[in-house]
Every structure is written in C-alpha cells, then in structure tokens.
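Take a look at the letters that make up each chain.
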Amino acid sequence: MALKMRFLYYSGKGKMKAMAEVVKKEFDLSLNYNAIDIVPPAYSCENERLVILAISGKGEPDDILRRFCSELNKKKAQNVALLIDGDEKLGTFLLNVLNEAGTNVITPVKYIKLGGLPFLGGKLSDAEKQDLIAWVQSVIDNLQ
C-alpha cells in the first residue's frame with residue numbers, strides 16, 4: 001500500500017537527515033522525489049496523508065517554524081506526527097499550533113535526544129534505527 005507521506009525536518013544535526021533517509025528507505029518513499037525535505041520545504045504540502053515533522057530545539061520555536069506549522073491544515077496534511085529532539089515545552093507549543101491549524105496530530109509526541117554537533121554527518125545506531133522504524137509504523141497504524 002502506497003502512503004502519501006513526507007518527512008520534514010528542522011534541524012542542523014546530521015542525525016536528523018539520516019533519520020529521514022532511514023524512513024524514506026524503509027517505507028519506500030522513493031517514488032516521491034520530495035518525500036524528505038527541510039522546513040519550509042521546497043515544494044508545499046498538498047493532500048499529504050501523513051507529514052512527520054522532526055524538530056530540534058528548545059522552548060518556543062522561531063517564527064519560520066511557527067508559521068509553517070500554523071499553515072498545516074487538513075488540506076495540506078491530514079495527519080501530522082511530531083518527533084522532537086528537545087524539550088516538552090517545544091512539543092506542547094507545536095502541538096497547540098498544529099491543533100489550531102486543524103490537522104490531526106498523532107499523539108503522543110515522540111521525544112528523542114540526538115546529541116552531536118550541528119552540520120556534522122550523523123550515523124544512527126541499529127537501536128536508533130529500530131526505534132524510529134517502530135515509531136513510524138505505530139503512527140501509520142493509528143492514522144485516521
């Protein structure tokens with residue numbers, strides 16, 4: 001079953017892009033050349049069944065991220081799942097913004113700790129890959 005899904009990340013950490021590549025490969029998103037991208041994406045979201053937002057940060061998001069999330073309505077993304085490399089304050093803030101936009105947010109929010117320095121290549125351990133794949137599969141299984 002082909003699922004119209006995108007993995008968008010807002011992070012300078014190499015591991016975040018590596019996570020996007022793992023999801024693209026594991027869930028066969030190769031037919032969609034813009035299945036993974038940064039926020040804001042080069043191509044806008046349109047009728048996506050699922051958008052996974054992977055965000056690194058703490059506290060309140062900057063204006064670019066906040067505006068992007070506030071525009072993710074049901075026409076752009078039926079379902080959104082949050083993968084947060086940061087604190088619960090950021091996750092709660094984005095959850096509220098996405099709910100106000102009108103999209104369905106898959107809960108609970110997944111919190112991770114990537115560590116590492118920005119802009120360095122990131123390699124995921126096998127345990128990190130397995131955890132990510134299991135989480136994405138559970139999100140897909142709970143879609144509306």
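Right, let's walk through the structure included here. Sequence order sets the numbering: in each chain, residues are counted from 1 along the sequence as written. Under the rules for a predicted model, residues below a pLDDT of 70 receive no local features and side-chain atom pairs below 80 are neither given nor counted, while totals for whole chains, interfaces and linings still include all residues. Note: side-chain values were computed over all heavy atoms of the structure, leaving out hydrogens and water.

**Description of the overall build of the chain**
Next up, step 1: Numbering goes from the N terminus for both helices and strands, where a helix is a DSSP run of H or I of at least four residues and a strand is a run of E of at least two. A count of helices and strands for the chain gives four helices and five strands.
Next up, step 2: Mapped from its N terminus to its C terminus, the chain presents α and β elements in the order β-α-β-β-α-β-α-β-α.
Next up, step 3: In summary, the chain has a C-alpha radius of gyration of 14 Å against a globular reference of 15 Å for 144 residues, a match within 12%.
Next up, step 4: Judged by the C-alpha coordinates and their principal axes, the chain covers about 35 × 35 × 30 Å.
Next up, step 5: Buried residues in the chain amount to 49% of all 144 residues. Computation of the radius of gyration draws on C-alpha atoms alone. For the globule rule, the value is 2.2 Å times the number of residues to the power 0.38. With a 1.4 Å probe rolled over the protein chains alone, any residue whose accessible area is under 20% of its type maximum counts as buried; one over 50% counts as exposed, and the rest are partly exposed.

**A word on the sheet that holds strand β4 (residues 79–86)**
Next up, step 1: We call two strands paired when DSSP finds no fewer than two bridges between them. The strand order β2-β1-β3-β4-β5 describes an open sheet built from five strands, whose pairing is parallel. Because the sheet does not close on itself, it has two edges, and the strands there are β2 (36–38) and β5 (104–112). Taken over all neighbouring pairs, the strand axes of this sheet differ in orientation by 20° on average, direction set aside.
Next up, step 2: Whether two residues are in contact is decided by their heavy atoms, any of which lying within 4.5 Å being enough. The angle between two axes is taken between their N-to-C directions and runs from 0 to 180 degrees, where each axis is a line fitted to C-alpha atoms and a helix contributes only its stretch in contact. On top of the sheet, helix α1 (residues 14–26) reaches β1 (5–10), β2, β3 (50–57), β4 and β5; it is set at about 175° to β1, its chief contact.

**Quick look at helix α4 (residues 126–141)**
Next up, step 1: If you check α4, its first and last C-alpha atoms are 22 Å apart, about what 16 residues at 1.5 Å a residue would give, namely 22 Å.
Next up, step 2: Along α4, the residues classified as buried are L132, W135, V136, V139 and I140. Taken around the axis of α4, the buried residues stretch over an arc of 140°, which confines them to a single face. Those residues of α4 that are exposed and aimed more than 90 degrees away from the buried face are D126, A127, Q130 and D141.
Next up, step 3: On the buried face of α4, the contacting elements are β1, α1, β3, β4 and β5. Expected span of a helix, by definition, is 1.5 Å for each gap between consecutive residues, and there is one gap fewer than residues. By construction, the arc corresponds to the directions joining the helix axis to the C-beta atoms.

**Thoughts on the side chain of E48**
Next up, step 1: For E48, the location among the structural elements is in the loop between β2 and β3.
Next up, step 2: Residues contacting E48, with those up to four places away along its chain left out, are K4, M5, R6, K76, A77 and Q78.

**Description of unusual backbone geometry**
Generally, phi is negative for residues other than glycine and the peptide bonds are trans, each holding for most cases.
Next up, step 1: The omega angle of the peptide bond from V39 to P40 is -5°, so this bond is cis rather than trans.
Next up, step 2: Position of P40 relative to the elements: it lies in the loop between β2 and β3.
Next up, step 3: Of note, the bond from T107 into P108 is cis; its omega dihedral lies within 30 degrees of zero at 5°.
Next up, step 4: Take P108: it is sitting in strand β5.
Next up, step 5: Not every positive phi belongs to a glycine, and D28 is a case in point at roughly 50°.
Next up, step 6: Relative to the assigned elements, D28 resides in the loop between α1 and β2.
Next up, step 7: For D28, a relative accessible area of 53% translates into the label exposed.
Next up, step 8: With a phi close to 55°, N47 is a non-glycine residue in the positive phi region.
Next up, step 9: Here N47 shows up in the loop between β2 and β3.

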